[in-house]
Amino acid sequence: APPHHPSPPNQNPPVSPPPSPRRGPPPGFPAPSLSPPPPPGGAPHRREMWRLCSSKMLRPSRAILLVAIALGGCASPPDSPRTDQTVAPVNAATAPATRPLKTPAMLTLDELRPALRLPASRPVTNPATGPAPLDALALYAQARARVLANQRIAAVNLLEDAIRLDPASFELRYALGEAHGGIGTHNDQAIAAFLDAAAINPNHLGVQTELGRQYLAKGLLEKAIEHLRLALLTSDYRRDNSGAASAEFLLARALQRNGNDRAALDAYARLLVRLRRPGAMRGNSELSFLASRPEALFIQVGDLYGRGGLYDDALRAYELAANRRPESFDYAAKVVRTLLAANRPGAAAARAADVVRAFRASHDSIALLRETYRNAGGDAAVAARLMALHRQSPDDRAILYSLVNVLAAVDRRADAERLLQGAVERDRYGIEDVRRLFNSYASREDVDAAALLLTNALAARPDSLRELLPLWSELLLPSRGYQLRLARLQALRVPPTSEAAKQFWISQLATVWNRDVAARTALERSVKQNPPLPPAFRVLLNRYWSRGDWDEARKIEASEELIATVETSGNAALAAELRGLLLLNRGEPRKAADELARAHQLAGRPSLDLQLAQATAARAAGSTPKFEQILWGLISDYPTAEDPYEALLGHYINSGAAPQAIKVLRAWLAADPESVKARVIEASIYLQGKQTALAEQSLLKLFERHSDDAELLSAMRNLYGATDQVDKYINLLETERVNRPENRAAVAMLVELYAQQKRTSEAMRELDAAQAAVAKDADLLYYVAHLYTRIGQESVTEDTLAKVVKLDPDHAAASNDLGYSWADKGKNLDRAEQLIRNAVQAEPDNQSFLDSLGWVLYKRGKFDEARRQLEAAIAPATLPDPVVLDHLGDTLYRLGRTDDAMQQWQRSRQRLAQLQSDGIADSPDRRQLRLELQAKLKQAQDGQPVTVAPVVEKREALPVVSG
């Protein structure tokens, strides 16, 4: 709408807030003796519902719950607010002697004081008599376009210019408030603009609601409640269902936070009825979210009842929420805890046992079970009861896992691990048994036992690879004290039947450490073992197709040779699957689908990887229903595997099918309530629906047990960043650092946040404390050393790396990094070369180490020797590092081989582009390298001297160059 001049002054007399949908006494007061008369006419079922709602047998406000589930329930939204009377103030002197004075928590929405009325519109000084100035209209249009482009500061400037031209325009001031409000940190400016708009036209639902929202965000509850109550008096309140719902929702939240429990119940009652109108909230993401998931409101209602001691009513509200969201542990836990509060311990214990089974004995569910026994014998009573149940039902996994958890809690971890080991062996390494046992090993940092478990599990069930990978990744985290190293894994003793699995894991770990030769050698050993390990063949074929130094003909030839080897061994199903993967890589999805279908038929029980390949082929061939069908089947067959959920979620989100995406997420949470990834996605959905409180609650619950999970910490940074509460997150991490100084991941996140805010001194304080805490652990000290670079403290990084080398002279990674840093700066070259040669001697096939050696030789002017080392680094690399390619280009140019140098620089540019297309976040170093490569190529193409990296010691004849 264009800017317009204000309406005539509002002539409404003082009014009270409109009546709540369900009139009745507040919690704790007796019901009135007379029931309200039934409405005239109406369908019989409506008259019956009114009778039920009016019954003395129902507690006050219980109609809220009936409304939520009954079609056309007893309450209806207030379509016409009362404007003909004002609620008289409560007079203590004339109040009935039998009725005590009400506390603020007992007051209904109608009884809140002071009584309100909409103020009159502000008189306009020198009101305009004609239409709005055309220049103001043009500026308004430009501002709206800037808002749509999320350029809100520019929009604010345009709107301020327009207001100077048309100061009496309500629309301009309202738009200015919206623009300020969208910036996030401009609450005061938004409030000022909305107040100016409200002064021009107070009878506007939107402006009163937005003032309430802004005051609520600032924690000014009384102000928020005042404006939200005024919103309920506006003319638009009875016409604009979506706007009215927004006002009711914010009012209910504000009243609840302010302790006005009964009034909050009234506001929630209105909202619950209003949300039942189909399609009424379309276009409002916040309300559409609530309409599709009203259980969040049921929980708020239950909390209010529980706070007032009305446990039966609270239980009904919580049961409604839990029935709608059976995958929500928090909702189920509210039911159990309310039973405990109602002094019904037997029912609470029985319900807690049901929760343990429903949630597959998750950490939270077992903690809840222990909570129910806290006053009835504690953990000893729980353990005795579970032990008896386990003897009766040894195959009941929920009982077993509960028993294991309790035994660990009472310092009987060895007994717990024996029980789990027995279950693992009986069930041939079932994934949930493996996960439980792995977590027990990890909790006491027994890396050898954990690695052996994963190796034997992969050997026993090769199809479980994708379910084992999250556990494998935990062994590699540099922030943990039990990080698995390649030499340790190579020395691990395993049964002969697990040798193929061990070589497979070696190849995965060698890839992480840039040791391509070791990775390829281990993978080739794995495929030669008996019995064969299918994942090794799949990975090897895919690595053929990721090699940048092979053309397509060479890739096809190597793939055919691998497939022939499998066919010779008699494994026709795996051979057909590999041929299908080959066709997929060649861009022939229809033929691939046919070959994979043949593999499916030959396999009998097809693997997870085979079916994922079928889904990929179906999608590439344009068969979306087949793609969805396969993935839904995988979710049913492999409930704890992440890949099918992620693929299906991404598909539905990209296609705009939000209900289907929610269905996938709920299935994921129900099958794997401990999944951090699923919980993080759930929180992101809450955040998109503007349910920031629920998002925060979900992430904080995870943080209690997974505070060193990098994915969770990043999700929390996004949440607090989006809500302008980064300082709150910093305080949370500071507390975590004090309580758990060994949590290096929290320290790393703190450093990033401080660096983002340019608070270098605080970041240094954190890192210095972390360094002191791990001063005697070379691996952890090495991890901390590199955190200093995030705040630009390279010299401190060098000093810390020197400490690592002094602590452990054989620490190859620290020797390499320190030597490279010195070489790159052209200092300590003798010592730098010695350190790097030590690293290369320890790992002669490490691409990074060979590059470092080549670079220090370049800096010393030994270009031919540098070339040999750099070529050795690149030769075996499937995906060479763009930095190494750039180094080789500079070296070749120094040797006078300009054309060859240009070829390497071009390869480096291509690799940078490939990294970007693969979704790998760009870094300042890579952006700088991209600019340097562009300049070098242009100089070479123009026949000019190329600015390559400088040298320190000139020992060979050089071409004429600059730099």
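Predicted, not measured: the structure shown is a model, and the values here were computed from it. (Residues numbered from 1 in each chain as written. Predicted model: local features only at pLDDT ≥ 70, side-chain atom pairs only at ≥ 80, totals over all residues. Heavy atoms only, no water.)

Participant: Quick question: what am I supposed to make of the overall build of the chain here?
Facilitator: Scanning the chain from N- to C-terminus turns up 48 helices and 0 strands. In the chain, which comprises 963 residues, the share counted as buried stands at 50%. Residue pairs in contact within the chain that sit at least 24 positions apart in sequence constitute 61% of those at least 6 positions apart. Entry remark: accessible area of the chain is about 43,100 Å², with carbon and sulfur atoms responsible for 51%. (Helix = DSSP H or I, 4+ residues; strand = E, 2+ residues; numbered from the N terminus. Buried < 20%, exposed > 50% of the residue type's maximum accessible area, 1.4 Å probe, protein only. Contact = heavy atoms within 4.5 Å. Areas by Shrake-Rupley, 256 points an atom, 1.4 Å probe, with all protein chains shown as cover.)

Participant: What's the story with the packing of helix H28 (residues 572-585) against helix H29 (residues 589-603) in this structure? I'm lost.
Facilitator: A pair of packed helices is characterised by two quantities: the angle between their axes and the separation of those axes. At their nearest, the axes of H28 and H29 sit 8 Å apart, and the two run at 165° to each other. Put simply, H28 runs roughly antiparallel to H29. Of the two possible hands of crossing, H28 and H29 adopt the one that is left-handed. Mapping the contact onto sequence places Ala572, Ala573, Ala576, Glu577, Arg579, Gly580, Leu581, Leu583 and Leu584 in H28 and Pro589, Lys591, Ala592, Glu595, Leu596, Arg598, Ala599, Leu602 and Ala603 in H29. Of the residues belonging to the contact of H28 with H29, the class tally is 12 nonpolar, 1 polar and 5 charged. (Axes fitted to C-alpha atoms, helices over the stretch in contact; angles between N-to-C directions. Parallel < 35°, antiparallel > 145°, perpendicular 65-115°, else oblique. Left-handed = near helix turned anticlockwise from the far one by under 90°. Nonpolar A, V, L, I, M, F, W, Y, C, P; charged D, E, K, R; others polar.)

Participant: Can you walk me through the packing of aromatic side chains in this structure?
Facilitator: Think of a pair of aromatic rings as described by two things: how far the centres are apart, and how the planes are tilted against each other in angle. This structure, assessed with the given rule, holds 11 aromatic pairs. When the ring of Tyr893 is compared with that of Trp905, the centres are 6.2 Å apart and the planes differ by 40°; the resulting orientation is tilted. Within this pair, whereas Tyr893 is found in helix H46 (residues 882-894), its partner Trp905 is found in helix H47 (residues 898-917), the two being separated by 12 residues in sequence. Comparing Tyr893 with Trp905, the two get one shared label, buried. (Phe/Tyr/Trp six-rings, centres within 6.5 Å; stacked < 30°, edge-to-face > 60°.)

Participant: Looking at this model, I keep getting lost on the environment of Val156. Mind explaining?
Facilitator: Residue position: Val156 is located in helix H4 (residues 152-165). For Val156, a relative accessible area of 7% puts it in the buried group.

Participant: It is not clear to me how empty space enclosed by the protein should be interpreted in this structure. Could you clarify?
Facilitator: Over the atoms a probe the size of a water molecule is rolled, and this reveals where empty space is left. Tallied over the entire structure, the rule returns 2 cavities of 30 Å³ or more. As a volume, the largest cavity reaches approximately 50 Å³. Of the residues contributing to the lining of the largest cavity, the split by class is 3 nonpolar, 1 polar and 6 charged. Here the second largest cavity defines a volume of roughly 40 Å³. Taken together, Arg293, Arg325, Glu327, Ile662, Leu665, Arg666, Leu669 and Glu682 form the lining of the second largest cavity. Take the lining of the second largest cavity: its biggest share by element is 4 residues, from helix H33 (residues 658-671). Taken together, the residues of the lining of the second largest cavity break down into 3 nonpolar, no polar and 5 charged. (1 Å grid on protein atoms, 1.4 Å probe; cavity = no way out; pocket = protein on both sides within 12 Å on 5 of 7 lines; lining within 4 Å. Points joined across faces, edges and corners; volume = space filled by probe spheres on them.)

Participant: Any chance you could explain the packing of helix H38 (residues 744-756) against helix H39 (residues 760-773) here in plain terms?
Facilitator: Closest axis-to-axis distance for the H38/H39 pair is 8 Å, and the angle between their directions is 160°. Relative to H39, the element H38 lies roughly antiparallel. Helix-helix and strand crossings are classified by hand; for H38 and H39 the assignment is left-handed. Residues Val747, Leu750, Val751 and Tyr754 of H38 form the contact with H39, whose participating residues are Glu762, Ala763, Arg765, Glu766, Leu767 and Ala770. Its residues placed into classes, the contact of H38 with H39 shows 7 nonpolar, no polar and 3 charged.

Participant: What's the story with unusual backbone geometry in this structure? I'm lost.
Facilitator: Most peptide bonds are trans, and most residues other than glycine sit at a negative phi. Here the amide bond leading from Arg113 into Pro114 is cis, since omega sits at 0°, within 30 degrees of zero. Note that Pro114 resides in the loop between helix H2 (63-69) and helix H3 (134-148). Put simply, Asn530 and Pro531 share a cis peptide bond, and its omega is 5°. Mapped onto the elements of the fold, Pro531 is located in the loop between helix H25 (516-527) and helix H26 (534-546). Phi at Asn828 takes a positive value of approximately 50°, unusual for a residue other than glycine. Among the residues examined, Asn828 registers a relative accessible area of 41% and is labelled partly exposed.

Participant: Looking at this model, I keep getting lost on the pattern of salt bridges. Mind explaining?
Facilitator: Per the counting criterion, the structure on display carries 69 salt bridges. Among the salt bridges present, the one from Asp415 reaches Arg412, with a minimum N-O distance of 3.1 Å. Classification of Arg412 by relative accessible area gives partly exposed; the value is 36%. Note that Glu734 is salt-bridged to Arg737, the shortest N-O span being 3.3 Å. Here Glu734 pairs with Arg737, and both are found in helix H37 (residues 726-739), just 3 residues apart, close to one helical turn. When its relative accessible area of 14% is taken as the criterion, Glu734 is described as buried. Of the residues examined, Arg737 reaches a relative accessible area of 21% and is grouped as partly exposed. (Salt bridge = Lys/Arg side-chain N within 4 Å of Asp/Glu carboxyl O.)

Participant: How should I be thinking about the nonpolar core in this particular structure?
Facilitator: Among soluble globular proteins, nonpolar side chains are generally buried collectively. By size, the foremost hydrophobic cluster in this structure holds 268 residues, and its most contacted members are Leu475 and Trp905. Aside from chain neighbours lying at most four places away, what touches Trp905 is Asp886, Gly889, Asp890, Tyr893, Leu933, Lys936, Leu937, Ala940, Val946 and Val948. With 16 residues, the next largest nonpolar core counts Ala143, Ala155, Leu158 and Ala162 among its residues. (Core = buried A, V, L, I, M, F, W, Y, C linked by side-chain atoms within 4.5 Å.)

Participant: Explain H25 here, please?
Facilitator: Think of an α-helix as 3.6 residues a turn; residues three or four steps apart then line up on the same face. Spanning 12 residues, H25 covers 17 Å between terminal C-alpha atoms, matching the ideal 16 Å at 1.5 Å per step. Taken together, the buried positions of H25 are occupied by Asp516, Ala518, Ala519, Ala522, Leu523, Ser526 and Val527. End-on, the buried residues of H25 take up no more than an arc of 165°, which puts them together on one face. Next to the buried residues of H25 lie helix H24 (499-512), H26 and helix H44 (847-859). (Expected span 1.5 Å × (residues − 1). Arc of directions from axis to C-beta.)

Participant: Explain helix H32 (residues 642-654) here, please?
Facilitator: With 13 residues, H32 extends 18 Å between its outermost C-alpha atoms, agreeing within 8% with the 18 Å of an ideal straight helix rising 1.5 Å per residue. Along H32, the residues that are buried comprise Glu642, Pro644, Tyr645, Leu648, Leu649, His651 and Tyr652.

Participant: Explain the environment of Leu250 to me, please; I cannot follow it from the model alone.
Facilitator: Along the chain, the position of Leu250 falls in helix H9 (residues 241-257). Sequence separation between Leu250 and Leu228 is 22 residues; the distance between their C-alpha atoms is 7.4 Å. Filtering out sequence-adjacent residues up to four positions away, Leu250 remains in contact with Thr209, Arg213, Leu216 and Leu228.

Participant: Would you mind going over the environment of Ile836 with me for this structure?
Facilitator: The residue Ile836 is located in helix H43 (residues 829-842) in this model. In this structure, the C-alpha to C-alpha distance between Ile836 and Gly819, residues 17 residues apart in sequence, is 5.6 Å.

Participant: I keep staring at the confidence of the model for the chain and nothing clicks. Help me out?
Facilitator: Low pLDDT marks regions whose predicted coordinates should not be analysed in detail. Confidence along the chain averages 83 in pLDDT terms, with 86% of residues attaining 70 or more. By mean pLDDT, the top-scoring element of the chain is helix H21 (residues 447-460) (96), and the lowest-scoring one is helix H1 (residues 44-54) (29). Every residue in residues 1-98 scores below 50 in pLDDT, and together they form 183 contacts with partners more than four places removed in sequence or on other chains. In this model, residues 956-963 is a region of pLDDT below 50 whose contacts with residues beyond four sequence positions or in other chains number 24 contacts. (pLDDT = per-residue confidence, 0-100.)

Participant: Hey, could you run me through the side chain of Ser852 in this one?
Facilitator: Looking at the element boundaries, Ser852 is found in helix H44. Look at Ser852 and you get buried, because its relative accessible area is 2%. Sequence-distant contacts of Ser852, defined by excluding residues within four places in its chain, comprise Asn816, Tyr820 and Ile836.

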